[in-house]
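What follows is each chain in one-letter form.
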Amino acid sequence: MTVLLPFARRPRLFISLSLIALLSVALLVACGDDDDAPPAPTPAPTEAATEAPTEAATEAATPAPTEAPTEAATAAPTEAATPEPTEAATEAPPAPGYPRDVVDLFGRTVTIPDLPKAIVAISPTATELVYAVGGTVIGRTRTVNYPPEALEATDIGNAYQPNPEAILALEPDLVVADSTIHIAPDVRETLEGLGVPVIFAGAASVDEVLTGLTLLGEVLDNPDGAAEAVAAIEAARDAAREALAGQELSAVILIGDRDRNLYAAKGSSYGGSILDALGIANPADVQPDSGPFPGFTRVSPEALLQYDPVYIFTVTPAPPPAPRLSGMLGLFPGMSGLQAMANGRVIEIEVELLVQAPGPRVVEAFATLVEAVTGSE
């Protein structure tokens, strides 16, 4: 049964309920905005209040800022605040003086971005030029046998047919090509398209040996080492000229092919430039180029009889046990009438020194020719 209160008592009850509701809302607001609200006045401590605070009370009384930092608060700064260094930022700066521009033996201007540390040399000459100025190679061609430490480098195949894949597999930062044997446009285009700095340095003459050394000294930041190597060659040349001074000398350098054709070196060849550097007359120099060897001219026995040089220096491309050209020359008709044959002045020269690896070992070539003429080293 529903009991109705008298009408006069309803307002007092309504007011009481309203006050309770307002107090409840005020308490909720105070609890929700505790950080922004001013601190409540501190009441006088009662006996209960002076007792050790409970764990809950202590936790409640401890201000939020003194709490141990949360994981979010101690987390590392975000990427936006402290971005990770980029690859470009973490790379070591180039060595002093790099990048630098150099001009190779083809007249090309090549930018060397940093001091080369991974070098591929694609000819015996290129390899020897690198080592002569204090460098090393990680890749070399099959016929390289000097200096001995170069044999530790990876064999990348034939110098006359460079293999781009084999070169790039070594991830070089410099390729040293040969300005003498890599002159064909298609070969040059292939090498220049590797995406790696390529310089052409060779030795078609004694002067080009000196130029190549100077170039490599600049590329490898060792101009003093290059200057020292150049000075040693020039000193050996001058000493050899002095040792031969006062003699009326003439000589030809001969090479043969499998068909028993003979070719004589002209002054435009490396061997011919050695004769010229030492002041030795070369009667074959006036002839036009002919045959498969650049800077050589094909000669007949009759032409040799006409030249009748004081010395004949022979070169045999094929390795032993193939017979040496010096021992076979007497088998050609009419050769016995040459004064060089009659006087025992037909001397075999190592193919590396005059044909296969022209370069810094020109010092040895000078010494070999002086020894052949004077009988002393």
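In this text, all values refer to a predicted model and were calculated from it rather than measured experimentally.

**Here we look at the sheet that holds strand β10 (residues 296–299)**
Strand order in the open sheet formed by five strands is β10-β9-β8-β11-β12, with mixed pairing between adjacent strands. For this open sheet the edge positions go to β10 and β12 (346–348), each flanked by a neighbour on one side alone. Put simply, the sheet's adjacent strands are angled 35° from each other on average, direction ignored. Judged from the three bridges that link them, strand β8 (residues 251–256) and strand β9 (residues 262–265) form a sheet pairing that is antiparallel. Pairing of Ile-255 across the sheet is with Tyr-263, part of β9. Of the strands in this sheet, β8, β9 and β11 (311–315) are in contact with helix α11 (residues 270–277), which crosses β8 at around 165°.

**A closer look at the packing of α11 against helix α16 (residues 362–374)**
Closest axis-to-axis distance for the α11/α16 pair is 11 Å, and the angle between their directions is 60°. Judged on the interaxial angle alone, α16 and α11 are oblique. α16 is crossed by α11, and the crossing has right-handed handedness. Residues Tyr-270, Ile-274, Leu-275 and Ala-277 of α11 touch α16, and the partners they reach there are Val-362, Ala-365, Phe-366 and Leu-369.

**Comments concerning the nonpolar core**
Buried together is how nonpolar side chains tend to be arranged in soluble globular proteins. One finds Val-176, Ile-199, Leu-216, Ile-274, Phe-313 and Phe-366 to be the most contacted residues of the largest nonpolar core, which totals 62 residues. The dominant element in this core, judged by the number of residues it contributes, is helix α9 (residues 206–219), at seven residues. Residues in contact with Phe-313, not counting those within four places in the same chain, are Ala-251, Val-252, Ile-253, Leu-254, Leu-275, Ile-347, Ile-349, Leu-369 and Ala-372. Counting 17 residues, the second-largest nonpolar core is a separate cluster that includes Ala-284, Tyr-307, Met-335 and Ala-340.

**Thoughts on α11**
Judged by how many residues are buried, α11 sits mostly within the fold: seven of eight residues are covered. The opening residue of α11 is Ser-269, an N-cap whose side-chain oxygen sits 3.0 Å from the backbone nitrogen of Gly-272. Two residues or fewer after α11 comes Gly-279, characterised by a positive phi angle close to 75°.

**Topic: the pairing of β11**
Counting buried positions along β11 gives five out of five residues, so the element sits mostly inside the fold. The two faces of β11 match: Tyr-311, Phe-313 and Val-315 on one face and Ile-312 and Thr-314 on the other face are all buried. Two strands pair when backbone bridges link them, and β8 and β11 are joined in this way by five bridges, in the parallel orientation. Of the residues in β11, the one forming a bridge with Ile-255 is Val-315. As defined by bridge partners, β11 adjoins β12 across three bridges and the pair is classed as parallel. By the bridge assignment, Phe-313 is partnered in β12 with Ile-347.

**A short note on α9**
A rise of 1.5 Å per residue sets the reference length of α9, with its 14 residues, at 20 Å; its end C-alpha atoms lie 20 Å apart and thus fit the reference within 8%. Taken as a whole, α9 has its buried residues at Val-206, Val-209, Leu-210, Gly-212, Leu-213, Leu-215, Leu-216, Gly-217 and Val-219. Remark: Asp-221 follows α9 within two positions and exhibits a positive phi of approximately 55°.

**Digging into the confidence of the model for the protein**
Predicted confidence across the protein gives a mean pLDDT of 82, with 76% of residues reaching 70 or more. Considering only residues more than four positions removed or in separate chains, one finds that residues 1–81, a stretch of pLDDT under 50, has seven contacts.

**Focus on the pattern of salt bridges**
All told, the structure shown has nine salt bridges when counted by the stated rule. Glu-192 is paired through a salt bridge with Arg-108; the nearest N and O atoms lie 2.9 Å apart. With Glu-192 in helix α8 (residues 185–192) and Arg-108 in the loop between β1 (100–103) and β2 (109–112), the pair connects residues that are 84 residues apart, well separated along the chain. Residue classification places Glu-192 among the partly exposed positions, given a relative accessible area of 37%. By relative accessible area, which is 18% here, Arg-108 ends up buried. We note a salt bridge from Arg-188 to Glu-192, for which the minimum N-O separation is 3.5 Å. Of this pair, Arg-188 and Glu-192 both sit in helix α8, four residues apart, which is roughly one turn of the helix.

Quick notes on the rules
Residues numbered from 1 in each chain as written. Predicted model: local features only at pLDDT ≥ 70, side-chain atom pairs only at ≥ 80, totals over all residues. Heavy atoms only, no water. Pairing = 2+ DSSP bridges. Helix = DSSP H or I, 4+ residues; strand = E, 2+ residues; numbered from the N terminus. Axes fitted to C-alpha atoms, helices over the stretch in contact; angles between N-to-C directions. Contact = heavy atoms within 4.5 Å. Parallel < 35°, antiparallel > 145°, perpendicular 65-115°, else oblique. Left-handed = near helix turned anticlockwise from the far one by under 90°. Core = buried A, V, L, I, M, F, W, Y, C linked by side-chain atoms within 4.5 Å. Buried < 20%, exposed > 50% of the residue type's maximum accessible area, 1.4 Å probe, protein only. Polar contact = N/O pair within 3.5 Å; in protein donor to acceptor, adjacent residues only side chain to side chain. Expected span 1.5 Å × (residues − 1). pLDDT = per-residue confidence, 0-100. Salt bridge = Lys/Arg side-chain N within 4 Å of Asp/Glu carboxyl O.

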